[in-house]
Amino acid sequence: MKIVAMGSGGVGGYFGGRLQQAGHEVTFIARGRHLAALQSGGLRIKSAHGDAALKVRALENPADAGPADVVLFAVKLWDTENAAESLRPIIGSDTMVIPLQNGVESIERLRKILPEKSIMGGSAYIASRIGAPGVIEHTGTMVRLRFGTLMPSQRPAAQAFFAACRDAGVNPELV
């Protein structure tokens, strides 16, 4: 599965890293010093569930990632519209975008910019942060992704992503 982690901080970095460890092709979208660290030294995850050191593909511009099967949309809520606009070039006819943001407005805000059929619902349950550029610190033990379809046509993609998450050990829940 080809996954783009739009926002590679505590949420996108952790879940993207675990999905890459499970064998999926993950591209991390980041900025500034974090991007430079990901490109030069890779991604390090420090966690009670096991540490990891991964060589990753990290980019600033999502358009350079190419089409994706799933986008983990993990940017700050205030940057939703700009980040969604930058995703347009990688959203194919079967791409699913799963918002993992704080707040209840994500779906509606994304639907104003991206195709409605591409947006699913999602929530991340994790305590994590960027400990230093290129380093994600998982500060608790809870790890769970809860996501679901908003229309029947999304079911096959949701089931495929559920299987990917299960293989990555991130305790998925398909609702």
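All values reported here derive from a predicted model rather than from experimental measurement. (Residues numbered from 1 in each chain as written. Predicted model: local features only at pLDDT ≥ 70, side-chain atom pairs only at ≥ 80, totals over all residues. Heavy atoms only, no water.)

Student: Talk me through the overall build of the protein chain; I want residue IDs and the actual numbers.
Tutor: When you go through the protein chain residue by residue, the secondary structure sums to five helices and ten strands. Taking 2.2 N^0.38 as the reference for a compact globule, 175 residues should give roughly 16 Å; the C-alpha atoms of the protein chain span a radius of gyration of 15 Å, in line with that estimate. On the principal axes, the C-alpha backbone points of the protein chain span a range of 40 × 30 × 30 Å. Taking all contacts inside the protein chain whose residues are at least 6 apart in sequence as the whole, residues at least 24 apart take part in 65%. Here the protein chain has roughly 8,000 Å² of accessible surface; of this, 49% comes from carbon and sulfur atoms. Computed over 19 positive and 15 negative side-chain charges, the separation of the two mean positions in the protein chain equals 4 Å. (Helix = DSSP H or I, 4+ residues; strand = E, 2+ residues; numbered from the N terminus. Rg over C-alpha atoms; globule rule 2.2 N^0.38 Å. Contact = heavy atoms within 4.5 Å. Areas by Shrake-Rupley, 256 points an atom, 1.4 Å probe, with all protein chains shown as cover. Lys, Arg positive; Asp, Glu negative; His and termini not counted. Charge placed at Lys NZ, Arg CZ, Asp CG, Glu CD.)

Student: Outline the nonpolar core, listing residues and values.
Tutor: F15, L19, F28, L43, L72, L145 and F161 are the most contacted members of the largest nonpolar core, which totals 33 residues. No other element matches the five residues that helix α5 (residues 155-168) contributes to this core. When sequence neighbours within four positions are dropped, the list of residues in contact with F15 reads L72, A124, I126, V143, R144, L145 and V170. (Core = buried A, V, L, I, M, F, W, Y, C linked by side-chain atoms within 4.5 Å. Buried < 20%, exposed > 50% of the residue type's maximum accessible area, 1.4 Å probe, protein only.)

Student: Go over the layout of surface pockets with me, naming the residues and quoting the values.
Tutor: Roughly 750 Å³ of internal volume is contained in the largest pocket. Along its surface, the largest pocket is lined by 30 residues, and G7, G9, A74, V75 and K76 are the ones closest to its centre. Every element with two or more residues in the lining of the largest pocket is listed here: α1 (10-21), α3 (80-87) and β8 (121-132). With five residues, β8 is the largest single contributor of residues to the lining of the largest pocket. (1 Å grid on protein atoms, 1.4 Å probe; cavity = no way out; pocket = protein on both sides within 12 Å on 5 of 7 lines; lining within 4 Å. Points joined across faces, edges and corners; volume = space filled by probe spheres on them.)

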